[in-house]
Amino acid sequence: MKKDAHQTRSNPALRATPTWGQEFRATLSLAAPLAAANLLQMLTYAVDVIFIARLGDEPLAASALAVSLFGLILWAMTSLTGAVAPLIAEAVGAGGPTLRPVRRSVRMALWLAVITGVIGMGICLLLEPIMHLTGQQSQIIALARDYNFIIIFSLIPMLLAGVLRNFVSTLGRPIFATAITGLGIFVNAFANYALIFGNFGAPELGLKGAAVATIITAFVVLGTYILAIRLDPKLHRYRIFGRLWSPDWDRFWQIIRIGVPIGLTVTAEAGIFGAAAFLMGRFGASELAGHTVALQLAALAFQVPFGVGQAVTIRVGYFYGARDPVGVKRAGWVALAISTAFMTCTASAMVIAPYTLLSIYVDPYAAKNAALVGFALQYLVLAAAFQLVDGVQAVSAGALRGLQDTRAPMWIAIFSYWVPGIGLSIGLGFFTPLEGTGVWIGLATGLTFAAILLTWRWMARERLGLVRSAPNLPE
């Protein structure tokens, strides 16, 4: 009897599957701090927009172009190294020894963060020829080039911090991600205020100051994660910084095998928004600035389903390791319900109170912002329309990642975003009078295709052989 009781405690495959209510509470307790951390991360970026917007439309447009490429690279590389989360979750869910597999997974993810960070910095240096190729205005190109050359040095510390965030969250400390990201907001705001406008005795660097502030914030966040892991007994016992030089090539390539499709999926999605910025730049600085503000609000709302998607990857990963298909099912559907409910609320807010939302970034009643606000109001209506499908596709993709199913979702994403999505954006934007509105209709269409196809794959997971059944248990 004692042996059986011990097996039940140590092996999740022998535990009772959570009820729907228990799974809802478990998912919410994990998703809430992750979503809060995502929102705080967006507020960190919003701080940049708020301060840069005070410099005028051209600096804001220039930073938008630079961040469109930098953000694309950051998201892609973070998602690639984020493959460490389902691997950690699987090890914990399987119920066996976890110290070595978790430590090796995190170590190799840190290696990968540095390697991909160097590659990403090189790719970011292609910004200037891309801007020339897409016909951006010369004065905006000059501003964006200088801003970009500085901000790329924040890439590697951001990627390293992303790996540590996955580590602490999967092992039951998601609140650390919330607190550390919150600290980053204050650091970023202080550094922006000092370096952009020359306050507190700092040099007045203008747009370059915002880039330097990003670097400072990235290193503070990374250092705080390291300190938190060192001081927390549960996390420190894994000793993830020990023997950092020791390779585990099998684990390294496993992360790449799972992570590359995730990175390409995120690139496909983030890429259409980055491409949209370049398309909008062809219409003028006010159109691009209005697009930037509206997209910031849409992205801010998206951080909650994105956090739910991160949580469902972990929850599904636990049950995948435990070979519990019923638990897998409940984790996925609970996450989809939470995401849909939240995005219904944000879509309603964009329609009912657009001026209130725009005031987060700019004064919507100032005469100098009239053109920007006019365009932003048009785009917010369409942002409200794709809130629901955006949340559904994010959570469906996250659930499939928990099953380590990443290759087929990658092809779904590439097709959805770049065939009906960006294809319609170009067609409506440049070959009809819709211009910027046409670009946004294309974005909404791509997200809708992705939501439908990814949800279908999630529903067909057992027929496709994506879940593993429990082993035969002893009588």
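Residues numbered from 1 in each chain as written. Predicted model: local features only at pLDDT ≥ 70, side-chain atom pairs only at ≥ 80, totals over all residues. Heavy atoms only, no water.

1. Quick word on the packing of aromatic side chains
Selection criterion: Paired rings are identified among Phe, Tyr and Trp, the last through its six-membered ring, by centres lying within 6.5 Å, and are further divided according to the angle between planes into stacked (under 30 degrees), edge-to-face (over 60) and tilted (the rest). We count a stretch as a helix when DSSP gives it H or I for four or more residues in a row; a strand needs E for two or more, and each element gets its number in order from the N terminus. We call a residue buried when its accessible area falls under 20% of the maximum for its residue type, exposed when it is over 50%, and partly exposed in between, using a 1.4 Å probe and counting protein chains only. We call a charge positioned above a ring when the Lys NZ or Arg CZ atom is no farther than 6 Å from the ring centre and deviates by at most 35 degrees from the ring normal.
Throughout the structure, instances matching the rule amount to 17 aromatic pairs. Seen in terms of ring centroids, Phe-386 and Trp-440 are 6.0 Å apart; in terms of plane orientation they differ by 15°. Their pairing is stacked. Residue Phe-386 is found in the loop between α16 (370-385) and α17 (387-402), and its partner Trp-440 is found in helix α19 (residues 436-459); the two are separated by 54 residues along the sequence. Across the pair, exposure class does not vary: Phe-386 and Trp-440 are buried alike. Each residue in the set Phe-51, Phe-190, Tyr-193, Phe-197 and Phe-200 is aromatic and connected to the rest through ring pairs, giving one cluster. The cationic tip of Arg-237 hangs over the ring face of Tyr-238; the distance from NZ or CZ to the ring centre is 5.4 Å. Lying across the ring of Trp-458, Arg-461 places its NZ or CZ 4.3 Å from the centre.

2. What about a nonpolar patch on the surface?
What counts is decided by this rule: The patch calculation keeps residues exceeding 30% relative accessible area without a salt bridge and links them within 9 Å when they carry like charges or within 5 Å when they are nonpolar (Val, Leu, Ile, Met, Phe, Trp, Tyr). All accessible-area figures derive from a Shrake-Rupley calculation using a 1.4 Å probe, and residue coverage is judged against the displayed protein chains alone. Criterion for a salt bridge: a side-chain nitrogen of Lys or Arg within 4 Å of a carboxyl oxygen of Asp or Glu.
On the surface, a cluster of nonpolar side chains totalling about 430 Å² of accessible area is made up of Phe-415, Val-419, Phe-449, Ile-452 and Leu-453. If you list the elements that add at least two residues to the nonpolar patch, you get α18 (407-431) and α19. When residues of the nonpolar patch are assigned to their parent elements, the largest contribution, three residues, is made by α19. Along the chain, Ile-452 turns up in helix α19. Taking the relative accessible area as the measure of exposure, Ile-452 reaches 56% and is therefore exposed.

3. So, the pattern of salt bridges
Within the structure shown, the criterion is met by six salt bridges. For Arg-173, the salt bridge identified is with Asp-232, shortest N-O distance 3.0 Å. With Arg-173 in the loop between α8 (155-170) and α9 (174-197) and Asp-232 in the loop between α10 (207-231) and α11 (233-236), the pair connects residues that are 59 residues apart, well separated along the chain. Among the salt bridges present, the one from Asp-405 reaches Arg-457, with a minimum N-O distance of 2.7 Å. Highlighted residues: Asp-405 in the loop between α17 and α18 and Arg-457 in helix α19, separated in sequence by 52 residues. Here Asp-405 and Arg-457 have matching classes, each one buried. One network of salt bridges, in which partners are shared, links Glu-128, Arg-145 and Asp-146.

4. Remarks on the packing of α16 against α19
This is how the line gets drawn: Only C-alpha atoms enter the line fits that serve as axes; for helices the fit covers just the stretch in contact. Angles between N-to-C directions range over 0 to 180 degrees. What sets the label is the angle itself: under 35 degrees gives roughly parallel, over 145 gives roughly antiparallel, 65 to 115 gives roughly perpendicular, and the rest give oblique. Each crossing is labelled by how the near helix is turned from the far one, with a counterclockwise turn of less than a right angle marking it left-handed and a clockwise turn marking it right-handed. Residue contacts are counted whenever heavy atoms from the two residues lie within 4.5 Å of one another.
Running from N to C, α16 and α19 cross one another at 15°; their axes reach a closest spacing of 10 Å. Judged on the interaxial angle alone, α19 and α16 are roughly parallel. Crossing geometry of α16 relative to α19 is assigned as right-handed. For the pair α16 and α19, contact is made by Gln-378, Tyr-379, Leu-382 and Ala-383 and by Gly-436, Thr-437, Trp-440 and Ile-441, respectively.

5. What about the side chain of Ser-425?
Convention followed: Identification of polar contacts relies on pairs of N or O atoms within 3.5 Å, with a donor-acceptor requirement for protein atoms, meaning one able to donate a hydrogen and the other able to accept it, and with residues adjacent in sequence counted only if both atoms are side-chain atoms.
Mapped onto the elements, Ser-425 comes out in helix α18. At 3.5 Å, the side chain of Ser-425 forms a polar contact with the backbone nitrogen of Leu-443. Beyond its immediate sequence surroundings of up to four residues, Ser-425 is in contact with Leu-279, Phe-430, Gly-438, Val-439, Gly-442 and Leu-443.

6. Topic: the side chain of Thr-27
Summarising the element assignment, Thr-27 is placed in helix α2 (residues 20-53). With residues near it in sequence (within four places) discarded, Thr-27 still touches Ala-311, Arg-315, Val-334, Ala-335 and Ile-338.

7. Points about the environment of Gly-436
Considering the arrangement of structural elements, one finds Gly-436 in helix α19. Considered as a pair, Gly-436 and Tyr-379 are 57 residues apart in the sequence and their alpha carbons are 7.9 Å apart. When residues no more than four places from it in sequence are discounted, the contact partners of Gly-436 are Met-280, Phe-283 and Tyr-379.

8. Side note on the environment of Ala-298
Relative to the elements of secondary structure, Ala-298 occurs in helix α13 (residues 285-321). By relative accessible area, Ala-298 is classed as buried at 4%. For Ala-298 and Ile-216, which are 82 residues apart along the polypeptide, the C-alpha to C-alpha distance reads 27 Å. Discounting residues that sit within four places of it in the chain, Ala-298 has contacts with Met-350, Ala-383, Phe-386 and Gln-387.

9. Some points on α8
Cut-off, in case you're wondering: Given the number of residues in a helix, its expected span is that number minus one, multiplied by 1.5 Å.
Helix length check: α8, at 16 residues, gives a terminal C-alpha distance of 23 Å against a target of 22 Å (1.5 Å per residue), a fit within 8%. Burial runs high along α8: 16 of the 16 residues are buried.

10. Topic: unusual backbone geometry
Within the chain, Arg-243 stands out as a residue other than glycine whose phi angle is a positive 50°. Tracing the backbone through its elements, the reader meets Arg-243 in the loop between α11 and α12 (249-281). We note that Glu-435 has phi near 50°; this positive angle belongs to a residue other than glycine. Within the secondary structure layout, Glu-435 lies in the loop between α18 and α19.

11. A look at the nonpolar core
Heads up, the rule is: Residues belong to a common nonpolar core when they are buried Ala, Val, Leu, Ile, Met, Phe, Trp, Tyr or Cys residues joined through side-chain atoms within 4.5 Å.
Residues Val-106, Phe-167 and Trp-440 are the most contacted members of the largest nonpolar core, which totals 151 residues. With 18 residues, the single largest contributor to this core is α13. Those residues in contact with Val-106, other than ones at most four positions away along the chain, are Val-84, Ile-88, Val-163, Phe-167 and Ile-240.

12. Looking at the confidence of the model for the protein
Put simply, the test is: The predictor rates its confidence in each residue with pLDDT, a number between 0 and 100.
Across the protein, pLDDT averages 89, with 95% of residues at or above 70. Confidence drops under pLDDT 50 across residues 1-14; counting only partners more than four residues distant or on other chains, this segment forms 15 contacts.

13. Notes on the environment of Gly-206
Relative to the assigned elements, Gly-206 resides in the loop between α9 and α10. Sequence spacing of Gly-206 and Ala-83 is 123 residues, and the spatial spacing of their C-alpha atoms is 38 Å. Excluding anything up to four places from it in sequence, Gly-206 contacts Leu-55, Leu-195 and Ile-196.

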